[in-house]
Amino acid sequence: MYADITRDWLIYIRVYLCPSVVFNFLIVTKNRRTTISNMPNDNTQREFALQVLQQLRDAGYEALWAGGCVRDQLLGRTPQDYDVATSARPEEVQALFGKRRTLAIGAAFGVIAVLGRHKQPPIEVATFRSDGAYVDGRRPAKVVYTTAEEDAERRDFTINGLFYDPIEQQVIDYVEGQQDLQRHRIRAIGDPLARFSEDKLRMLRAVRFATTLGFQIDDPTLDAIHQMAAEVNIVSAERLGAELRRMLVHPQRSSGVQLLQDSGLLQPLFPELANWPEQQPATWQRLLDRLKRLQSESLAAALAALLFDLEQKNNVGEIGRRFRFTNKEIERAAWLVQMLPSIEHAHELAWPRLQRLLVHQGSNELMVIADATWGNDHAGVKECRRRLAMPAEELNPEPLLTGDDLIRHGVTPSPLFGQLLDSIRDEQLLGHLRDRQQAQKFADQWLQDHGDR
Ligand code: ATP
Ligand code: MG
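Quick caveat, the model's predicted, so the values are computed rather than measured.

What counts as what
Residues numbered from 1 in each chain as written. Chains lettered and ligands numbered in written order. Predicted model: local features only at pLDDT ≥ 70, side-chain atom pairs only at ≥ 80, totals over all residues. Heavy atoms only, no water. Helix = DSSP H or I, 4+ residues; strand = E, 2+ residues; numbered from the N terminus. Near = heavy atom within 4 Å. Polar contact = N/O pair within 3.5 Å; in protein donor to acceptor, adjacent residues only side chain to side chain. Areas by Shrake-Rupley, 256 points an atom, 1.4 Å probe, with all protein chains shown as cover. 1 Å grid on protein atoms, 1.4 Å probe; cavity = no way out; pocket = protein on both sides within 12 Å on 5 of 7 lines; lining within 4 Å. Sits in = over half its atoms within 2 Å of the grid points. Axes fitted to C-alpha atoms, helices over the stretch in contact; angles between N-to-C directions. Parallel < 35°, antiparallel > 145°, perpendicular 65-115°, else oblique. Contact = heavy atoms within 4.5 Å. Nonpolar A, V, L, I, M, F, W, Y, C, P; charged D, E, K, R; others polar. Core = buried A, V, L, I, M, F, W, Y, C linked by side-chain atoms within 4.5 Å. Buried < 20%, exposed > 50% of the residue type's maximum accessible area, 1.4 Å probe, protein only. Domains from an automatic or database assignment. Phe/Tyr/Trp six-rings, centres within 6.5 Å; stacked < 30°, edge-to-face > 60°. Points joined across faces, edges and corners; volume = space filled by probe spheres on them.

Trainee: Mind showing me how you'd approach the environment of Glu394 here?
Mentor: Looking at the element boundaries, Glu394 is found in helix α21 (residues 392-395). In the structure, Glu394 is positioned 123 residues away from Pro271 in sequence and 45 Å away in space, judged by C-alpha atoms.

Below you can see the structure in the form of structure tokens.
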């Protein structure tokens, strides 16, 4: 009987309230508690989070799942990680789980990591807290241990301020987060201006969550970001970079970049692009279209797609370093931006030059951006695809001669050495040299012509 009521509610909610998101919850509401059923329970991390919570409860403490994992479950998504919030003090958490199984990762904020077995990620256990005054627009000077309700209020957005009791299967909602989940709203908890003054990163988090969840930022929250956007750079480059990364690798990155513009965050974060929406609307639209069509999860590809229209291509490195992306990502993004024009003109390029691009490690990403930029009907893109479909031994044949071969052949290493190897390779790719003998003859002639023999 109870199960039937549950099913009726589920059908009601799915069909009538929020057709675009599968909500597996909402049955009986007592005060702020909502019972949930059908939570995904098929992963070991969830089991681990449940054990940690149970152990805290058995020792007489309050304990709840908190934040992102509750939000994600209610949205029918698998949480990336589970956070536990508890009335136990950090030292009590350490005493309960033992020093060897815990790590005081955020001692100043009362966060203890409980370590899992083998390579299982730890569960973060945080004492219910309310943050004291914020000193520098980034973090509180001190924290005060308190109740679950106050702990909800110090969190950033209503959808991130939910708790869940996995034993009673109840959501505990002090901040109207469930309502905002259903309305697809990103809304700051409390006064948005005050909350953004405390921690300016929250402004970029609002854009990141709106992008990745496909939600709208509530008007007063968006207005507050507008007012304070210029201050976002007070936040450390690493924290900004981490949020931007999450946004840029997401398929909805184009909406995210548009939202940076709409919220006023584009100017402080990417001043190089900031006047495009008004002064070069065609470039801006092309950029958004390219980001929308880009089928890649790579940050380097997303960054290259974002920055391809820059006149100063060498700004790519500077922008990548601004957000502390890895050197590998920055180098790859810079290479992609530099090489893309060759794909545009691939059908006019000499084959050896194009071949070097197409056998490069980054060629997949290059082609994905080319597709997003020009579509697969474009002459250059078509030529690349045709070449890439060639059998491997034709696309990238074994070199007829290597550096070692030349040394054995009596050539002394010199600055000309690399040029000679390149020339042999070019002639091979053009089909002018077919075997080692021909290649050696070519090398002798080349050295004579260049005054080395
Ligand atoms: P994700 O799934 O992307 O990790 P998340 O909501 O779990 O999303 P985290 O950065 O892991 O995000 O943070 C965990 C929780 O901590 C959030 O849900 C939110 O309640 C709180 N939180 C994180 N950062 C802030 C912040 N800058 N200000 C206030 N609360 C925050
Ligand atoms: Mg998280």
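Trainee: Any chance you could explain the site of ligand 1 here in plain terms?
Mentor: Taken together, 16 residues lie around ligand 1, and Arg71, Asn160, Arg202, Arg208 and Arg246 are the ones closest in. The separation between an oxygen atom of ligand 1 and a polar side-chain atom of Arg155 is 3.0 Å. Arg208 is positioned such that a nitrogen or oxygen atom in its side chain is 2.6 Å from an oxygen atom of ligand 1. For ligand 1, whose unbound accessible area comes to 590 Å², protein coverage reaches 82%. Most atoms of ligand 1, that is more than half of them, are within 2 Å of grid points of the largest pocket.

Trainee: What am I meant to see in the packing of helix α2 (residues 44-58) against helix α4 (residues 90-97) here?
Mentor: Helix-helix packing is characterised by the crossing angle of the two axes and by the distance between the axes. Interaxial distance between α2 and α4 falls to 11 Å at its minimum, and their mutual angle equals 105°. Judged by the angle between their axes, α2 and α4 are roughly perpendicular. Facing α2, whose interface residues are Val52, Gln55 and Leu56, α4 presents Val93, Leu96 and Phe97. A breakdown of the residues in the contact of α2 with α4 according to their chemical character gives five nonpolar, one polar and no charged.

Trainee: I keep staring at the nonpolar core and nothing clicks. Help me out?
Mentor: Considering soluble globular proteins, one finds that nonpolar side chains tend to be buried as a cluster. Ranked by internal contacts, the top residues of the largest apolar core, which has 101 residues, are Leu260, Leu269 and Phe270. Here the element with the most residues in this core is helix α15 (residues 299-307); it accounts for nine residues. Split by domain, the residues of this core number at least three in each of domain 1 (1-183) and domain 2 (344-395). In this structure, Leu401, Leu406, Ile424 and Trp446 belong to the second largest nonpolar core, which totals twelve residues.

Trainee: How do you make sense of the packing of aromatic side chains when you look at a structure like this?
Mentor: Aromatic ring pairs are reported here in terms of the distance separating the ring centres and the angle at which the planes meet. In the structure shown here, the tally under the stated rule is nine aromatic pairs. A ring pair is formed by Phe323 and Phe325, whose centres lie 6.0 Å apart and whose planes are at 45°; its orientation type is tilted. Comparing Phe323 with Phe325 shows no difference in burial state: the two are buried. Put simply, the rings of Trp65, Tyr82 and Tyr164 touch in pairs and so form one group of aromatic residues.

Trainee: Looking at this structure, how should I read the environment of Asp165?
Mentor: Mapped onto the secondary structure, Asp165 falls in strand β10 (residues 162-165). Its relative accessible area of 5% is what places Asp165 among the buried residues. Along the backbone, Asp165 and Leu64 are 101 residues apart, and their C-alpha atoms lie at a distance of 5.3 Å. Not counting residues within four places of it along the chain, the set of residues in contact with Asp165 comprises Arg33, Arg57, Leu64, Gln170 and Ile172.

Trainee: Hey, could you run me through the layout of surface pockets in this one?
Mentor: The gaps left among the atoms become clear once a water-sized probe is rolled over them. Put simply, the largest pocket is a space of about 1600 Å³. What lines the largest pocket is a set of 48 residues, among which Asp83, Glu124, Asp156, Arg205 and Arg208 lie closest to the centre. Those elements giving two or more residues to the lining of the largest pocket turn out to be α3 (68-74), β4 (83-86), β5 (102-106), β7 (123-127), β8 (129-131), α8 (201-213) and α10 (237-248). Among the elements that make up the lining of the largest pocket, the one with the highest residue count is α8 (seven residues).

Everything listed here is a matter of coordinates, which is why it stays silent on function.
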